[in-house]
Amino acid sequence: GGLEAEVVPVTNIEELAAPAYWDRMRGVVNELSTGARDVLVFLHGYNVSFADAARRAAQIACDLKFPGVMAFYSWPSQGELRGYLPDGRIIEVSETHIAEFLLGSAGKTGANRVHVIAHSMGNRALIRVLADMAREARRDGTGRFGHFILAAPDVDRKFFLQRAAAYHQLSETTTLYVSNKDLALKASGMIFDSARAGFFPPLTIV
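Quick notes on the rules
Residues numbered from 1 in each chain as written. Predicted model: local features only at pLDDT ≥ 70, side-chain atom pairs only at ≥ 80, totals over all residues. Heavy atoms only, no water. Pairing = 2+ DSSP bridges. Helix = DSSP H or I, 4+ residues; strand = E, 2+ residues; numbered from the N terminus. Right-handed = clockwise from strand over helix to strand, strands pointing away. Patch = residues over 30% accessible without salt bridge, like charges linked within 9 Å, V, L, I, M, F, W, Y side chains within 5 Å. Areas by Shrake-Rupley, 256 points an atom, 1.4 Å probe, with all protein chains shown as cover. Salt bridge = Lys/Arg side-chain N within 4 Å of Asp/Glu carboxyl O. Buried < 20%, exposed > 50% of the residue type's maximum accessible area, 1.4 Å probe, protein only. Phe/Tyr/Trp six-rings, centres within 6.5 Å; stacked < 30°, edge-to-face > 60°. 1 Å grid on protein atoms, 1.4 Å probe; cavity = no way out; pocket = protein on both sides within 12 Å on 5 of 7 lines; lining within 4 Å. Points joined across faces, edges and corners; volume = space filled by probe spheres on them. Nonpolar A, V, L, I, M, F, W, Y, C, P; charged D, E, K, R; others polar.

## What about the pairing of strand S5 (residues 173-177)?
Side-chain direction in a regular strand flips from residue to residue, so the side chains alternate between the two faces of the sheet.
Consideration 1: In this sheet, S5 lies alongside strand S4 (residues 145-151) in parallel orientation, the contact comprising 5 bridges. The residue of S5 that forms the bridge with Ile 149 is Thr 175.
Consideration 2: Handedness of the crossover joining S4 and S5 through helix H6 (residues 157-163) is recorded here as right-handed.

## Considering a nonpolar patch on the surface
Consideration 1: Taken together, the side chains of Val 10, Ile 13 and Phe 50 define a hydrophobic patch exposed on the protein surface, amounting to about 270 Å² of accessible area.
Consideration 2: Considering the arrangement of structural elements, one finds Val 10 in the segment before helix H1 (18-30).
Consideration 3: Classification of Val 10 by relative accessible area gives partly exposed; the value is 33%.

## Observations concerning the packing of aromatic side chains
Consideration 1: Counting across every chain of the model gives 10 aromatic pairs.
Consideration 2: Seen in terms of ring centroids, Trp 22 and Phe 101 are 5.5 Å apart; in terms of plane orientation they differ by 35°. Their pairing is tilted. Of this pair, Trp 22 sits in helix H1 while Phe 101 sits in helix H4 (residues 95-107), placing them 79 residues apart in sequence.
Consideration 3: For Phe 101, a relative accessible area of 10% translates into the label buried.
Consideration 4: Feature note: the residues Tyr 21, Trp 22, Tyr 73 and Phe 101 constitute an aromatic cluster, connected by ring pairs.

## Some words on the pattern of salt bridges
Consideration 1: Inspection of every chain in the model, using the stated rule, returns 9 salt bridges.
Consideration 2: We note a salt bridge from Asp 132 to Arg 135, for which the minimum N-O separation is 2.1 Å. With Asp 132 and Arg 135 both in helix H5 (residues 122-140), this residue pair falls 3 residues apart, about one helical turn.
Consideration 3: Overall, Asp 132 belongs to the partly exposed group, its relative accessible area being 45%.
Consideration 4: One salt-bridge network, held together by shared partners, links Arg 124, Asp 154 and Arg 196.

## Considering the layout of surface pockets
Gaps left between atoms show up when a probe the size of a water molecule is rolled over them.
Consideration 1: Put simply, the largest pocket is a space of about 1200 Å³.
Consideration 2: Forming the walls of the largest pocket are 32 residues, and the residues nearest its centre are Glu 14, Tyr 21, Phe 50, Phe 72 and Phe 101.
Consideration 3: Elements with a minimum of two residues in the lining of the largest pocket: H1, helix H2 (50-64), strand S2 (69-73) and H4.
Consideration 4: Tallied by class, residues from the lining of the largest pocket come to 22 nonpolar, 4 polar and 6 charged.

Shown next as structure tokens:
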């Protein structure tokens, strides 16, 4: 079924400065048993508010019975259907912050591994920052990334094929999930007159 606010309510939102946030995360990770000290980061797509992203992340953790720490990065989507094109511009200027958050999750929390689920438009930022993240991770020794899950990426298919090898510079494994029923991706392909990596046909295989 769909995600309902009644099932996963957002009861409190507390604003923290970055150092305090990473201290809190490290404390939560350290409370886990050694084998469970993984972090899973959800990177949402377009038309998702902060509260929606929080609920979806919580639902993912619940459905997966994830034993580690669930986190999410909420870039400032307009949170409405008509905001597709503005969201596309907003996520471009969010790329540096997204990369910093992912690298921080790997290097500032004490996690064994950081796994990433990127959905739809969230994949646009992820694929564009991969090479820079890989270089920084190698330099700082923070390359503790595990599984990247690319859920119906709203990314130009040709661009995806050109950049796909970069995932394995950072992740241990990468899985691409595609759909032929995602209406947003179908519309995106029509808007840009280009096939999307997360929609088929054509089926994207790397």
